[in-house]
Amino acid sequence: MDIGVISVRYARALLKSATEQKLDAAVYQDMQTLAESYVRVPHLRTTIDNPMLAKETKKELMLTACGNNASALTKRFIDLVLKEDRESILQFMANSYITLYRQQKNVIRGRLITATAVSAATEQKMRQMVESRTNGTVEFATEVNPDIIGGFILEYDTYRMDASVKAKLNSILTALKK
């Protein structure tokens, strides 16, 4: 069976159970932390895949990767994953859960890139603008990139608004070359 199909099935079952128990947001946090752990610690996957490692040790590793206070449902989910010998695709399950949760809750990821740090009020205004346009909740990340010289770049969903000084200068240069 396909890894994608299996991971989505597990993630769907976890989301259904979490929603019924009103733990979906807590499990979402656990899965985000777990997915981030896999990215930050590349050896985590190979360690968990190691057949010589005891299941109890794998469980401790997975729970640590979920953060300090994993929910009871996440702990039971990890027990199930280990019981069914599916630990090698836990990373895919976590990412599938994140995607399904965002679809269910209409959570949009947004990113604001500026040349200098912006105030919390400015960030909140941008978040509200995106939320009003998308009718959803926005997970917003801000990033400082001095290379854009000034202005900002706003990205969410498939939308990108580049109001940076660098983009304007590049368009002027392009126009002058014609």
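Above this note sits the structure.
Computed from a prediction, not measured in an experiment: that's the story for all the values here.

A. Broad picture of the overall build of the chain. Across its full length, the chain holds 8 helices and 4 strands. Along the chain, helices and strands appear, N-terminal first, in the series α-α-α-α-α-α-β-α-β-β-β-α. In terms of overall dimensions, the chain is more spread out than a globule: its C-alpha atoms have a radius of gyration of 21 Å, far above the 16 Å expected for 178 residues. Considering the chain as a whole, with its 178 residues, one finds that 37% of them fall into the buried category. Across the chain, contacts joining residues at least 24 apart in sequence account for 67% of those joining residues at least 6 apart. Roughly 10,800 Å² of accessible area belongs to the chain as shown, and the carbon and sulfur atoms make up 54% of that amount. The chain carries 25 positive and 20 negative side-chain charges, and their two centres are separated by 5 Å.

B. Here's a closer look at the pairing of strand 1 (residues 107-114). Taken across its 8 residues, strand 1 has 6 buried, putting it largely inside the fold. Pairing of strand 1 with strand 2 (residues 137-144), which is carried by 8 bridges, proceeds in the parallel orientation. Note that in strand 2 the partner of Val107 across the bridge is Thr137. Note on the crossover from strand 1 through helix 7 (residues 120-134) to strand 2: the handedness is right-handed.

C. Seen up close, the environment of Thr142. By secondary structure assignment, the location of Thr142 is in strand 2. Residues Thr142 and Val118, spaced 24 residues apart in sequence, show a C-alpha to C-alpha distance of 8.5 Å.

D. The arrangement of the pattern of salt bridges in detail. Within the structure shown, the criterion is met by 14 salt bridges. When the shortest N-O distance is used, the salt bridge between Arg40 and Glu36 registers 2.6 Å. Taken together, the positions of Arg40 and Glu36, both in helix 2 (residues 24-40) and 4 residues apart, correspond to about one turn of that helix. The shortest N-O distance in the salt bridge between Lys55 and Asp85 comes to 2.2 Å.

Calculation rules
- Residues numbered from 1 in each chain as written.
- Predicted model: local features only at pLDDT ≥ 70, side-chain atom pairs only at ≥ 80, totals over all residues.
- Heavy atoms only, no water.
- Helix = DSSP H or I, 4+ residues; strand = E, 2+ residues; numbered from the N terminus.
- Rg over C-alpha atoms; globule rule 2.2 N^0.38 Å.
- Buried < 20%, exposed > 50% of the residue type's maximum accessible area, 1.4 Å probe, protein only.
- Contact = heavy atoms within 4.5 Å.
- Areas by Shrake-Rupley, 256 points an atom, 1.4 Å probe, with all protein chains shown as cover.
- Lys, Arg positive; Asp, Glu negative; His and termini not counted.
- Charge placed at Lys NZ, Arg CZ, Asp CG, Glu CD.
- Pairing = 2+ DSSP bridges.
- Right-handed = clockwise from strand over helix to strand, strands pointing away.
- Salt bridge = Lys/Arg side-chain N within 4 Å of Asp/Glu carboxyl O.

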